[in-house]
Each structure stands twice: as C-alpha cells, then as structure tokens.
Amino acid sequence: MQLPRWWELGDPCAWTGQGRGTRRMSPATTGTFLLTVYTIFSKVHSDRNVYPSAGVLFVHVLEREYFKGEFPPYPKPGEISNDPITFNTNLMGYPDRPGWLRYIQRTPYSDGVLYGSPTAENVGKPTIIEITAYNRRTFETARHNLIINIMSAEDFPLPYQAEFFIKNMNVEEMLASEVLGDFLGAVKNVWQPERLNAINITSALDRGGRVPLPINDLKEGVYVMVGADVPFSSCLREVENPQNQLRCSQEMEPVITCDKKFRTQFYIDWCKISLVDKTKQVSTYQEVIRGEGILPDGGEYKPPSDSLKSRDYYTDFLITLAVPSAVALVLFLILAYIMCCRREGVEKRNMQTPDIQLVHHSAIQKSTKELRDMSKNREIAWPLSTLPVFHPVTGEIIPPLHTDNYDSTNMPLMQTQQNLPHQTQIPQQQTTGKWYP
C-alpha cells in the first residue's frame, strides 16, 4: 500500500508517519535523503513509540486506510470501503492534548494529522496520546496509544529563526512532505545555512485570522518558522529597509530580490516576516533565591481581650442625619426665595407691556371664553339658520317634498324655496319712474 511521506528534517532519530509502516528520514548536508521503512504490525489497543526532538517540527499522520480494517464488517479482498472516520486525540488521563501538540482533520474522508514543536521541558518524559477512531457509519470505535519520547537536540535552539507567512497554503497542505521539502529547499537557496530545521507550523486561524470566503479557492494561510545556524542573508534583511517598511505601512508589496525563488509555488507576505536573532537577545531571567521556607519568629500570639470597650454610635447617627438634612433645608430655602420672593407679578408685567398689545390680548381672552361657554351648551336646539329647509317667519321645519322612495339622483344639491308652502313673499322695492301699462 502506497503511503504518504511525512518526515522531520534535521533529526536522524525523528520518526513520523502512521499506517502499515512508519518511515524515518534524515537529511544529509548534500541534499539527499536516506529512506528506511520499518513495518509495524498493528492491532487494536497497540502502542507506538515515536522519538521527536525538542525544538524541531514533529508530524504524525493518522491514516483512514489503516483503521478501516479494524471496523466490522471487515472488507473482503478487493472490496472498496469508504466509511467516514474521525479521530479524537487526548493526553492519557486528560481531556485535551499537550499545549505544543495540535491536531487537524478537514473532513471525515481525509486523514488526520498530529503536528507541533516539542518543548525542552518535556525532554525525557514519555507523553502518551490516546487516539480513538470513530466509524461514523457503524458507530464502532478503535483505540491506539501513541507514546512520544521527546529527545534533546544537540544545537537547540537554533540561534537564527525566521517566520514566513504563506498566503496560498493551508496547514495540512504545508505539512505534506513534498510541499514542505520544496519550501525548505527554497529557503536554503536564499539563506545558505549549514543546518536548517523546520521549527513550527501554525495556521493563520490560530493567530486570529478569519476564515476565507469559499470563492476562487482562497486559502487561510499558514505561518512557517525555520531556524538556521548562520546569520540572515542580505535578501531576508531587505525587509527591514526604510523603503520596504514604508511600502508595508501603505499596504503595498515590498521589493524583495529573492521573491522570485518562492513565487513559483509559494506566495509569501514579506510584510509579515519575522526575523529573530537569539544571540542579541538579553536574557531577563532572574534567578530565584530560595530560602529555608521558615517564617521569622514573630513572638507569641496574643489574641484580643474578651472585655472589649463599648462604643456609642449615637453621635455618629446624628451626624449622619443632621448634615444631609441641613444641606437639604438650605437648598429648599434658596429655591423658595427664588420661586416666591423674586416673582415680578402681573401688574408689573402689564405696566411694561404696550396698551395695544394688552387690548389684543384681552380680546383674544374674551373670544376664547365665549367659545368655551358655547361649547358647554351643546344640548340646546340648533340655530334656525343651520336647518336645511325652514319657514322664514315661524321657523317651522318643512317636511320633505318627496317620499323616501323618490329617486333623488337628479335632485339638485340646494333646493329652491319657490314652491314651499307657507312661504311669505318678500316685497320687492319698486324703482321710481314712469310706468307704462
């Protein structure tokens, strides 16, 4: 069965990969790799031992093809089984993994990957990782133990470390052996070190980055930290130029001469590159002077006396109430003086107002009073002038000229009073002059 190659550069004792076998790869300074394949017959609840080095990238693959044969019903020879399988990894006896170890699996149909950079504090202490595989179709589980034996590196940590941000890669793509090897090869051509190690790989999402939109095959980005034993090359130092710093502040790409060596496969954000020279860093560690752990003798303990002197709180009570009450009284008196004693009055206002304005104001008041008085007497009879048809002398309401079933569609809006009964003719004024019969 063909297995993907996973390795750890720079450590001849680095074991990586999981499947029917585990592969070990150690690079030589000439650029060639020595490959040795060790077959490990795996059963359920079996243990595996890996030997990563402190400060060097560690990668371990959890292959779905390996766990498929451990879930019933077992596939027959030649039968293809594509069950969804997910993994759960945790430190034995704890719900999560160690802080330096990360795990990623995109979908239930892809392999899981354990990766991280071991720390020097865990050197010589075996770390047991429980790996539980879940078959999402049959709900069966299988458990394996991964024993990580962290070894100390000879030149750890490397004094010169550079962290690159690659925009067109995801973390699982960067962990692949071919991709990571191509990147380290490009860095080696630019840097020219004698020893180059991949220290750590971190997803941009773990640094506070956003999930990219699912368009144009956008990637989330990945941070790759590498270390070397020689100072930084002039190409890497070009990022610190004032011109490039200005371009980065204006969100423009800096001009880097060696960018073409990466551009064919890796799009590097040179504004986010970090160069760390540990040889120039001043150690701020202060040695803690431990004492004997015995407190100085403070003498014999003397508890307080049982006969405590009583305290009178009457004075405190009066002060607590008297002071706020006095302040409130003073404020009340000031407000009363302003509202009552400082009023000008209606007479003074009328003396300062022109007479014509007072007359207009008085007329408006009288009209308003009259309207208000009229509004109180709404139950009296309507004025005769508002009746639709009435007798001009007696004021008697005249019955309608037509019955209810009369077609009134052609009736004019205003009826004339020529034919009304009991109508009194108003004499017309005769004009003076000669009259002819």
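All of these numbers come straight from a predicted model, not from anything done at the bench.

Attention now moves to the overall build of the protein chain. When you go through the protein chain residue by residue, the secondary structure sums to nine helices and 14 strands. Counting across all 437 residues of the protein chain, residues that qualify as buried make up 32%. Of the contacts formed within the protein chain by residues at least 6 apart in sequence, a portion of 66% connects residues at least 24 apart. Entry remark: accessible area of the protein chain is about 31300 Å², with carbon and sulfur atoms responsible for 56%.

With that settled, consider the sheet that holds strand S7 (residues 101–104). The strand order across the open sheet built from three strands is S5-S8-S7, with neighbouring strands paired in antiparallel fashion. Lying at the two open borders of the sheet, with one neighbouring strand each, are strand S5 (58–62) and S7. Taken pair by pair, the neighbouring strands of this sheet meet at an average axis angle of 20 degrees, ignoring direction.

As a further point, take the pairing of strand S8 (residues 112–116). Burial within S8 is extensive, with five of its five residues counted as buried. Because side chains alternate across S8, one face comprises the buried residues Gly112, Leu114 and Gly116, and the other comprises Val113 and Tyr115, equally buried. With five bridges joining them, S5 and S8 adopt antiparallel strand pairing. Note that in S8 the partner of Leu62 across the bridge is Gly112. Bridge analysis of S7 against S8 gives four bridges, and the strand direction is antiparallel. Looking at S8, one finds that Ile104 is bridged to Val113.

We now examine the packing of aromatic side chains. What the rule picks out here adds up to 12 aromatic pairs. Between Tyr160 and Phe232, the ring centres sit 5.7 Å apart and the planes meet at 85 degrees, which makes this aromatic pair edge-to-face. In this pair, Tyr160 is assigned in strand S11 (residues 160–166) and Phe232 in the loop between strand S13 (222–228) and helix H4 (234–237), connecting sequence segments 72 residues apart. Looking at Tyr160, the relative accessible area reads 13%, which means it is buried. Consider the rings of Phe164 and Trp270, whose centres lie 6.2 Å apart with planes at 85 degrees: the pair is edge-to-face. You can see Phe164 sitting in strand S11 and its partner Trp270 sitting in the loop between helix H6 (260–263) and strand S14 (274–277), a full 106 residues away along the chain. The same class applies to Phe164 and to Trp270, which are both buried. Each member of the aromatic cluster is reached from another via a ring pair, and the members are Phe164, Phe183, Phe262, Phe266 and Trp270.

Time to look at the UniProt feature "glycosylation site" in the protein chain. The sites that carry the UniProt feature "glycosylation site" are, in the present numbering, Asn200. Residue placement: Asn200 occurs in strand S12 (residues 196–203). Once residues lying within four places of it in the same chain are set aside, the contact partners of Asn200 are Leu57, Arg102, Gly116, Ser117, Tyr223, Val224 and Met225.

In a disulfide, the sulfur atoms of two cysteines are covalently bonded to one another. Counted by the stated rule, this structure contains two disulfides. Between Cys235 and Cys258 runs a disulfide, and the two sulfur atoms are separated by 1.5 Å. Between Cys235 and Cys258 the sulfur-sulfur dihedral comes to about -75 degrees; the bridge is accordingly left-handed. Highlighted residues: Cys235 in helix H4 and Cys258 in the loop between helix H5 (242–249) and H6, separated in sequence by 23 residues. The side chain of Cys248 participates in a disulfide bridge whose partner is Cys271; the two sulfur atoms lie 2.2 Å from each other.

Turning our attention to the UniProt feature "transmembrane region" in the protein chain. Here, the residues flagged by UniProt with the feature "transmembrane region" are residues 318–338. In the segment residues 318–338, helix accounts for 100% and strand for 0%; the C-alpha atoms at its two ends are 30 Å apart.

Bringing the nonpolar core into the picture now. Grouped together as the largest cluster of nonpolar side chains are 41 residues, with contacts concentrated most on Phe164, Met174, Phe183, Trp191, Val226 and Trp270. Residue assignment for this core shows that the elements contributing at least two residues are S8, S11, helix H2 (171–174), helix H3 (177–191), S12, S13 and H4. Looking at which element gives the most residues to this core, the answer is H3, with eight residues. Both domain 1 (46–148) and domain 2 (158–275) contribute no fewer than three residues apiece to this core.

Quick look at the pairing of S11 now. For a regular strand, the rule is simple: side chains alternate between the two faces of the sheet. Among the seven residues in S11, seven count as buried, and that is most of the element. Burial along S11 is two-sided: Tyr160, Ala162, Phe164 and Ile166 and Gln161, Glu163 and Phe165, pointing in opposite directions, are all buried. Relative to S13, S11 runs antiparallel, the two being bridged by seven bridges. Looking at the pairing, Phe164 lines up with Val224 of S13. Pairing of S11 with S14, which is carried by four bridges, proceeds in the antiparallel orientation. By the bridge assignment for S14, Tyr160 is matched with Asp277.

Next up on the list: unusual backbone geometry. Not every positive phi belongs to a glycine, and Phe139 is a case in point at roughly 60 degrees. Looking at the element boundaries, Phe139 is found in the loop between strand S9 (127–135) and strand S10 (141–148). In the Ramachandran plot, Gln192 falls in the positive-phi region, its phi being about 60 degrees despite a non-glycine side chain. Structurally, Gln192 is set in the loop between H3 and S12.

The rules behind these values
- Residues numbered from 1 in each chain as written.
- Predicted model: local features only at pLDDT ≥ 70, side-chain atom pairs only at ≥ 80, totals over all residues.
- Heavy atoms only, no water.
- Helix = DSSP H or I, 4+ residues; strand = E, 2+ residues; numbered from the N terminus.
- Buried < 20%, exposed > 50% of the residue type's maximum accessible area, 1.4 Å probe, protein only.
- Contact = heavy atoms within 4.5 Å.
- Areas by Shrake-Rupley, 256 points an atom, 1.4 Å probe, with all protein chains shown as cover.
- Pairing = 2+ DSSP bridges.
- Axes fitted to C-alpha atoms, helices over the stretch in contact; angles between N-to-C directions.
- Phe/Tyr/Trp six-rings, centres within 6.5 Å; stacked < 30°, edge-to-face > 60°.
- UniProt positions renumbered as here; feature names shortened; annotations may be inferred.
- Disulfide = S-S within 2.5 Å.
- Core = buried A, V, L, I, M, F, W, Y, C linked by side-chain atoms within 4.5 Å.
- Domains from an automatic or database assignment.

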